[in-house]
Amino acid sequence: MNEKIIILDFGSQTTQLIARRIRELNTYCEILPYNKFPFDDTTVKGVILSGSPYSVYDENAFKTDLSRMRNKYPLLGICYGAQLLAHSSGGTVESAGSREYGRANLTKIDTENPLFKNITEGSQVWMSHGDSITRLPESFRVIASTQSVEAAAFAINREQTWGVQFHPEVYHTEEGSKILDNFLNICGCTKDWTPASFIESTVAELKQKLGNDKVILALSGGVDSSVTAVLLNRAIGKNLTCIFVDHGLLRKNEFQKVMKDYEVLGLNVLGINASERFYRELEGVTDPEKKRKIIGKGFIDVFDEEAHKLQNIKWLGQGTIYPDVIESLSITGTVIKSHHNVGGLPDKMNLKLVEPLRLLFKDEVRRVGTELGMPAHLIKRHPFPGPGLGIRILGDVTSEKVRVLQEADDIYISALHEWKLYDKVWQAGTILLPIRSVGVMGDERTYENTVVLRAVTSTDAMTADWAQLPYEFLAKISNEIINKVKGVNRVVYDISSKPPSTIEWE
Ligand code: XMP
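Chemist: Quick question: what am I supposed to make of helix H1 (residues 15-24) here?
Modeler: Each turn of an α-helix holds 3.6 residues, which means side chains three or four residues apart point in the same direction. When you tally the buried positions in H1, you get 7 out of 10 residues, the bulk of the element. Regarding H1, the residues found buried are Thr15, Ile18, Ala19, Arg20, Arg21, Ile22 and Arg23. Downstream of H1 by a residue or two, Asn26 has a phi angle that is positive, lying close to 55 degrees.

This is how it looks when you write it as structure tokens:
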């Protein structure tokens, strides 16, 4: 990476969004805790200070010495970041001043100022601040106002430092991306960070880092681990061994289909069928968390056994992505939770970790995968939980229940593809309930299980809405499942959103 923007995080909920917008402008950026500025990094081209839940007057407010950055890099303070700039230079920030939440319009814009080049008078911005800068320090000057806030944006004389009290990263700020783009121009960014350039530089870095070392990687069939594998394969070829464990809780024929995909991609993959072992260990277990633990541990054990059969392995590859990394870092830089399904592996196996996607967002991972020539069905695959159907069969898990659910799930997912609905939802699947109800088929009374259809829309799985699939579609699926899947006589559709429900049932 030969140039980057640093976003110092003061704890705002929109810090990640700033990073998204900068990346959309083909510029690489990193989020770092507010007190962890990399002064010795020569690739930094500019700095953005994020917002914060704190007021600059709060005792616990996050503060950092800005004087070492000012004049050295172009600097843009957003909301709290702007207030911190003003406050630390002797300006006045007051909570009793004008609070502003929601939409506002910029007036008196100084379009001569490079930050506001081509920004239109009256442009809508998104405000969200309880405090307000009521008096600017000497050398600061206002470059835009709103109806209720005089210093909506300021510049510092003879410095490349700016502050905006609104949020350019938020969608409702109509020309927010343009303002950030202007800032990148000020920083002299070349804006050539694309999936292709990411692949080129990452493959070169991996080659250098790994040399002739051997790496193992657990594949799940999902996007992140698959893209990680293809990237590593491009860098070190046969020194990468992938292990794909079939725990017997995958979708119908998923193991065979995905193995075929991996073969076409030229990956060196060991496919391990461990279904019987998992069914045995899950026998009679009904508690969701216990089931998760058994499946997680079983997975690690199988992986460990297979890895031990290989010689001289030094590294463990993982498909960790940026949201996992950000969520794992508290603002002081300490790890508060570890995220991965294979989280216990590196310690147990005494291996070094290599995570080539750890700085990418999900959509960037998909674009990198496409650029690497991976097939669309692998890239667009819905998220699927590590414990698989094990947490979609409520109560105890048996191979027969897995078979029933796989059949129902296959009908549902195939039809979503046929009806061109698959790409419109974030995730879909079926759940097998442990209760039976009465039905009638021909002249016969039935007493069989219920299958739930679940489909949600979402952008990050943190929140989700139930998907409003067409009635005709649901009717067809219900009919087909009840007619074709022995053991099911009732189909229901889950109309719960998250929160307060979750996407999975267990
Ligand atoms: P929930 O059910 O918490 O799910 O709304 C949010 C997202 O996480 C997935 N999920 C899991 N993924 N191991 C995983 O790898 C798990 O134990 C697990 N539980 C839930 C879920 O499919 C959804 O995408």
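Chemist: Would you mind showing me how to read unusual backbone geometry here?
Modeler: A negative phi angle is the norm for most residues apart from glycine, just as the trans form is the norm for most peptide bonds. Note that the residue after Lys498, namely Pro499, is joined by a cis bond; omega there is -15 degrees. With respect to the element layout, Pro499 can be found in the segment after strand S20 (488-493). With an omega of 5 degrees, the peptide bond between Pro499 and Pro500 qualifies as cis. Along the chain, the position of Pro500 falls in the segment after S20. Non-glycine residue Cys79 carries a positive phi angle of around 55 degrees. In this fold, Cys79 is placed in the loop between strand S4 (75-78) and helix H2 (80-88). Positive phi is not limited to glycine here, since Asn253 has a value of about 60 degrees. Assignment of secondary structure puts Asn253 in the loop between strand S13 (240-246) and helix H6 (254-264).

Chemist: Just to check I follow, could you spell out the packing of helix H7 (residues 275-282) against helix H8 (residues 288-308) for this structure?
Modeler: The relative placement of two packed helices comes down to the angle between their axes together with the axis-to-axis distance. One can describe the packing of H7 onto H8 by two numbers: an axis separation of 10 Å at closest approach and a directional angle of 145 degrees. For the pair H7 and H8, the crossing hand works out as right-handed. Each of Arg277, Phe278, Glu281 and Leu282 in H7 lies in contact with H8, whose residues at this interface are Lys291, Ile294, Ile295, Gly298, Phe299, Asp301, Val302 and Glu305. Tallied by class, residues from the contact of H7 with H8 come to 6 nonpolar, 1 polar and 5 charged.

Chemist: Please explain the sheet that holds strand S3 (residues 44-49) as it appears in this structure.
Modeler: As a general point, the strands of a sheet are linked pairwise by backbone hydrogen bonds and lie either parallel or antiparallel. The 7 strands are arranged S2-S1-S3-S4-S11-S10-S9 in an open sheet whose pairing can be described as mixed. Of all the strands in the sheet, the pair left with one neighbour each is strand S2 (29-33) and strand S9 (140-144). Neighbouring strand axes in the sheet, compared pairwise and without regard to direction, differ in orientation by 25 degrees on average. Pairing between S3 and S4: 3 bridges, direction parallel. The residue bridging Leu49 from the neighbouring strand is Gly77, located in S4.

Chemist: Is there a simple way to think about the domain arrangement of the protein chain in this case?
Modeler: Interface size is commonly expressed as the accessible area that is lost once the parts come together. Partitioning the protein chain into structural domains gives domain 1 (4-187), domain 2 (195-379) and domain 3 (392-493). For domain 1 versus domain 2, the separation of C-alpha centres amounts to 38 Å. For the pair domain 1 and domain 2, the summed buried area comes to about 1100 Å², and 55% of that belongs to carbon and sulfur atoms. Remark: the boundary between domain 1 and domain 2 carries 3 salt bridges.

Chemist: Teacher, can you tell me more about the packing of aromatic side chains here?
Modeler: Both the distance between ring centres and the angle between the ring planes are used here to describe each pair of aromatic rings. One pass over the structure, following the stated rule, counts 16 aromatic pairs. On the basis of an interplanar angle of 45 degrees and a centroid distance of 5.4 Å, the ring pair of Phe10 and Tyr80 is categorised as tilted. A residue pair is termed long-range when its members are at least 10 positions apart, and Phe10 in the loop between strand S1 (4-9) and H1 and Tyr80 in helix H2 qualify at 70 residues. With relative accessibility at 0%, the residue Phe10 sits in the buried group. Accessibility expressed as a relative area gives 1% for Tyr80, which makes it buried. Look at Tyr412 and Phe473: their rings are 6.3 Å apart centre to centre, the planes differ by 40 degrees, and that puts the pair in the tilted class. Residue Tyr412 is found in helix H13 (residues 399-418), and its partner Phe473 is found in helix H14 (residues 471-484); the two are separated by 61 residues along the sequence. By relative accessible area, which is 0% here, Phe473 ends up buried. Cluster of aromatic residues (ring-pair linked, three or more members): Phe10, Tyr34, Tyr54, Phe62 and Tyr80. One Lys or Arg, Arg20, reaches over the ring of Phe361 and ends 4.7 Å from the middle of that ring. It is Arg23 that lies over the ring of Tyr322; its NZ or CZ is 5.2 Å from the centre.

Chemist: Is there a simple way to explain the sheet that holds S13 in this structure?
Modeler: On the basis of which strands lie adjacent, the open sheet formed by 5 strands has the order S14-S13-S12-S15-S16 and parallel pairing. If you trace the sheet from one side to the other, it starts and ends with strand S14 (269-273) and strand S16 (352-354), each paired once. The sheet shows a mean angle of 30 degrees between the axes of neighbouring strands, direction not considered. Where strand S12 (residues 214-219) lies against strand S15 (residues 313-317), 4 bridges are found, and the strand directions are parallel. When the sheet's bridge partners are listed, Val215 is paired in S15 with Trp315. Sheet strands touched by helix H5 (residues 223-236): S12, S13, S15 and S16. Its angle to S12, the strand with the most contacts, is close to 160 degrees.

Chemist: Honestly, the environment of Lys238 in this entry has me stumped. Any pointers?
Modeler: Looking at the secondary structure, you find Lys238 in the loop between H5 and S13. Separated by 29 residues in the primary sequence, Lys238 and Leu267 have C-alpha atoms spaced 8.0 Å apart. If sequence neighbours within four positions are ignored, Lys238 has contacts with Gly266 and Asn268.

Chemist: What's the story with the pairing of strand S17 (residues 427-441) in this structure? I'm lost.
Modeler: On any regular strand, side chains alternate: one points to one face of the sheet, the next to the other face. Both S17 and strand S18 (residues 444-457) contribute to a ladder of 12 bridges, which runs antiparallel. By the bridge assignment, Ile431 is partnered in S18 with Val452.

Chemist: I'm lost on helix H3 (residues 176-187) in this one. Help?
Modeler: Along its 12 residues, H3 runs 17 Å from first to last C-alpha, staying within 8% of the 16 Å computed at 1.5 Å per residue. Gly188, located one to two residues past H3, shows a positive phi value of around 75 degrees.

Chemist: For this particular structure, what's the right way to read empty space enclosed by the protein?
Modeler: Once rolled over the atoms, a probe with the size of a water molecule shows which space is left empty. Under the definition given, this model contains 2 cavities of 30 Å³ or more. One number sums up the size of the largest cavity: a volume of about 80 Å³. For the lining of the largest cavity, the elements supplying multiple residues, two or more each, are helix H4 (195-210) and helix H11 (362-371). The biggest single contributor to the lining of the largest cavity is H11, with 3 residues. Tallied by class, the residues present in the lining of the largest cavity amount to 5 nonpolar, 2 polar and 3 charged. In this structure, the second largest cavity occupies an estimated 60 Å³ of space. Contributing to the lining of the second largest cavity are Arg392, Gln427, Ala428, Gly429, Thr430, Ile431, Arg454, Val456, Ile503 and Glu504.

Calculation rules
Per chain, residue numbering runs from 1 following the sequence as it is written. Confidence filtering applies because this is a predicted model: local features only for residues at pLDDT of at least 70, side-chain atom pairs given and counted only at 80 or more, and all residues used for totals across whole chains, interfaces and linings. Side-chain metrics rest on all non-hydrogen atoms present in the structure, leaving aside hydrogens and water. Only protein chains enter the calculation, and the probe is 1.4 Å; a residue is then buried if its accessible area is under 20% of its type maximum, exposed if over 50%, and partly exposed in between. Here a helix means four or more residues in a row that DSSP labels H or I, a strand means two or more in a row labelled E, and each is numbered from the N terminus. What counts as an axis is a line fitted to C-alpha atoms, over the stretch in contact for a helix, and the angles between N-to-C directions run from 0 to 180 degrees. For any helix crossing, the convention is left-handed if the near helix is rotated counterclockwise from the far helix by under a right angle, and right-handed if that rotation is clockwise. A contact between two residues is defined here by any heavy atoms of the two lying within 4.5 Å. In this classification, the charged set is Asp, Glu, Lys and Arg, the nonpolar set is Ala, Val, Leu, Ile, Met, Phe, Trp, Tyr, Cys and Pro, and all remaining amino acids, among them Gly, are polar. At least two bridges found by DSSP between two strands are what make those strands a pair. The source of the domain bounds is an automatic or database domain assignment. Buried area: the accessible surface (1.4 Å probe) lost by two parts on joining, summed over both. Salt-bridge detection follows one rule: a side-chain nitrogen of Lys or Arg within 4 Å of a carboxyl oxygen of Asp or Glu. Put simply, two rings from Phe, Tyr or Trp (the six-membered ring, in Trp's case) pair if the centres are within 6.5 Å, and we call them stacked under 30 degrees between planes, edge-to-face over 60, tilted for the rest. Criterion for a charge above a ring: Arg CZ or Lys NZ at most 6 Å from the ring centre, at most 35 degrees from the ring normal. To estimate how far a helix should reach, multiply one less than its number of residues by 1.5 Å. We place a 1 Å grid over just the protein atoms. Points where a 1.4 Å probe fits but has no way out form a cavity, open points with protein on both sides within 12 Å along at least 5 of 7 lines form a pocket, and any residue with an atom within 4 Å of a point lines it. Grid points are joined across faces, edges and corners, and a volume is the space filled by probe spheres set on the points.

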